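Letter by letter, the chains look like this.
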Amino acid sequence: MTTIKDIAREAHVSIATVSRILNNDQTLSVTEDTRKRVIEVANLLNYKPPRKRANKNEKNKRDDVYNIALISTLSKEDEITDPYYLSMRSGVEIACGQLPFHIASVLRVNKNDPLPDLNGLGELDGIIVIGAVDSKELKELYHGNSSVVFVDYLPDEGDYDAVLPDFKLATEKVLGYLFELKHTNIGYIGGRHTIKKLSEFEYTEMDDQRKVTYEKVMKEKGLYRSENVLIGEWGPNGGYQLMKKFIEKGSLPSAMLIASDPMAIGAMRALNEANIKVPQDLSIISFDDIEAAAYLNPPLSTVKIHTDEMGKMAVKLLYDRIKGRSVPIKAVLAADFILRDSCQPKK
C-alpha cells in the first residue's frame, strides 16, 4: 500500500508538504509545479487516501470511542533502561482505559527505530506526545488540529496543552538544602535533550530546566564553575562515564546534583570502584525516585517526579480538548524531595 512517505520520497519533498497538498491546504506556500508533481506521483503510485472516520456530529456521543496516537521519543529498550518515560506511558494507558480512548497507533521517534509511518495521522481524534518533537512539523502533519497534548515538553507553539514537572522549583529546593548542609562546591551531571523531527533523522539541542536552574542559582551565589558541569548520555552508563571523568580530574566537588536516578546509579558504581564513599566523601541527590533508588547502598536521596500522574493528566486534558475546550492549558505538577542517606553535611 502506497503511503505519503513513498510519495514524498519520489517527489523530493517533505511528508508534511505531501500531506497538505493532498488535503488541498490552500495556505501552503509552494509552486504550482510542486503541487502538480506531488499529485502526479500520487496518481502514478496509485495512492489511496485512508478512509475518513465518520463526522463527529453524526455519532452518538455516549457511545464514542476516540482513536488517538501516542508519539514517544524513546525506544522500548530506552524505556526499560530508564523507566521515567515508561511510567508516563503507563499513566496514559491507564487513563485511556478509564475514558473512551483507543490508542490506535504508537509511533516512536528516535535513532534506534525506523522513521514512523505518519500516513493517516490527520484522521485521528487526538495525539499525546511523550517527549520533545518538532511542534511546527506536527502542526502541519495534523492540519492545525489543536487536539494534541505534550508531556514533559513545552513547545513554542502556543496552541497545545502541555504537562510538565516543576523542575525549576525542585532544583531550587535541592540546592537550598545542600547550601544548608554547608556545601558550596556542587557539581552537576545531566543528559542531552533534543527536539526530534518526525519525518527525518534530525535533532535540535534544547536546554534542560534542571541544568538551567542549577546554573542560574550557582551564578547568583557566585559559586558557578563550568568545570563542575558534565553532560552526556542518559542512563546508568552515561552516569558511570561522566563520574569517571570527574574522578580522573582529581578534584571532586563535595556534593553532586544528578539529573536522573539511572544516571546516579551508574555514577555511584564509578565512585565505588574508585573507593570514594557516598555520602562521606561525596553527597548525591538526583531526580525521578524510581523504585531502585530506595534499595541502593546508601539509599538515594532524590526528587520524586509523579510521571504516572503526568500521563493521566495528559489524557484528561486531551479529552477536554476533544469535547470543545479551546484555551490551551499548561499543567505543572509538583515534585517531592525524598531525603534518604546519600547526602550529609560538608565536613
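For the structure given in this document, a descriptive report is provided here. (Residues numbered from 1 in each chain as written. Predicted model: local features only at pLDDT ≥ 70, side-chain atom pairs only at ≥ 80, totals over all residues. Heavy atoms only, no water.)

### Structural notes on helix α9 (residues 236-249)
Consideration 1: Here α9 spans 20 Å end to end across 14 residues, near enough to the 20 Å set by a 1.5 Å rise per residue.
Consideration 2: Within α9, the full set of buried residues consists of Gly238, Gly239, Tyr240, Leu242, Met243 and Phe246.
Consideration 3: In this fold, the buried residues of α9 make contact with β6 (186-191), β9 (229-232), β10 (255-258) and α10 (261-273). (Helix = DSSP H or I, 4+ residues; strand = E, 2+ residues; numbered from the N terminus. Expected span 1.5 Å × (residues − 1). Buried < 20%, exposed > 50% of the residue type's maximum accessible area, 1.4 Å probe, protein only. Contact = heavy atoms within 4.5 Å.)

### Quick word on the nonpolar core
Most often, soluble globular proteins keep nonpolar side chains buried together rather than apart.
Consideration 1: Of all hydrophobic cores here, the largest spans 47 residues; its most connected members are Phe101, Ile128, Leu175, Ile186, Tyr214 and Leu257.
Consideration 2: It is helix α7 (residues 167-180) that contributes the most residues to this core, seven residues altogether.
Consideration 3: Beyond its immediate sequence surroundings of up to four residues, Phe101 is in contact with Val65, Tyr66, Ile68, Cys96, Val315, Leu318, Tyr319 and Ile322.
Consideration 4: One finds Ala8, Val18, Val38 and Ile195 within the second-largest nonpolar core, a separate group that totals 33 residues. (Core = buried A, V, L, I, M, F, W, Y, C linked by side-chain atoms within 4.5 Å.)

### Some words on empty space enclosed by the protein
Consideration 1: Taken as a whole and judged by the stated rule, the model has one cavity of 30 Å³ or more.
Consideration 2: Volume-wise, the largest cavity comes out at about 50 Å³.
Consideration 3: Contributing to the lining of the largest cavity are Arg108, Val109, Asn110, Asp113, Pro114, Leu115, Pro116, Lys196, Lys197, Glu200, Phe201 and Tyr203.
Consideration 4: Across the lining of the largest cavity, the residue classes tally to six nonpolar, one polar and five charged. (1 Å grid on protein atoms, 1.4 Å probe; cavity = no way out; pocket = protein on both sides within 12 Å on 5 of 7 lines; lining within 4 Å. Points joined across faces, edges and corners; volume = space filled by probe spheres on them. Nonpolar A, V, L, I, M, F, W, Y, C, P; charged D, E, K, R; others polar.)

### Remarks on the sheet that holds strand β12 (residues 301-304)
Consideration 1: Read across the sheet, six strands follow the order β9-β6-β10-β11-β12-β14 without closing on themselves; strand pairing throughout is mixed. At either end of the open sheet lies a strand with only one pairing partner, and these are β9 and β14 (336-338). With direction set aside, neighbouring strand axes in the sheet form an average angle of 15°.
Consideration 2: Across four bridges, the pairing between β6 and β9 is parallel. Note on β9: the bridge partner recorded for Ile189 is Leu230.
Consideration 3: Docked against the sheet, α7 engages β6, β10, β11 (283-288), β12 and β14, running at close to 165° with respect to β11.
Consideration 4: Where α9 meets the sheet, its contacts fall on β6, β9 and β10, and the angle it forms with β9 comes to roughly 150°. (Pairing = 2+ DSSP bridges. Axes fitted to C-alpha atoms, helices over the stretch in contact; angles between N-to-C directions.)

### Structural notes on the packing of aromatic side chains
Consideration 1: Following the criterion strictly, the structure yields eight aromatic pairs and no others.
Consideration 2: Arranged with centres 5.8 Å apart and planes meeting at 80°, the rings of Phe167 and Phe287 form a pair that is edge-to-face. Of the two residues, Phe167 is situated in helix α7 and Phe287 in strand β11; the sequence distance between them amounts to 120 residues.
Consideration 3: Phe167 sits in the buried class, given a relative accessible area of 7%.
Consideration 4: Ring pairs connect the aromatic residues Tyr66, Phe101 and Tyr319, which therefore count as one cluster.
Consideration 5: Just above the ring of Phe167 sits the side chain of Arg210; from NZ or CZ to the centre is 4.0 Å.
Consideration 6: Directly above the ring of Phe287 sits Arg210, whose terminal nitrogen or CZ lies 5.7 Å from the centroid. (Phe/Tyr/Trp six-rings, centres within 6.5 Å; stacked < 30°, edge-to-face > 60°. Lys NZ or Arg CZ within 6 Å of the ring centre and 35° of its normal.)

In short, geometric facts, not functional conclusions.
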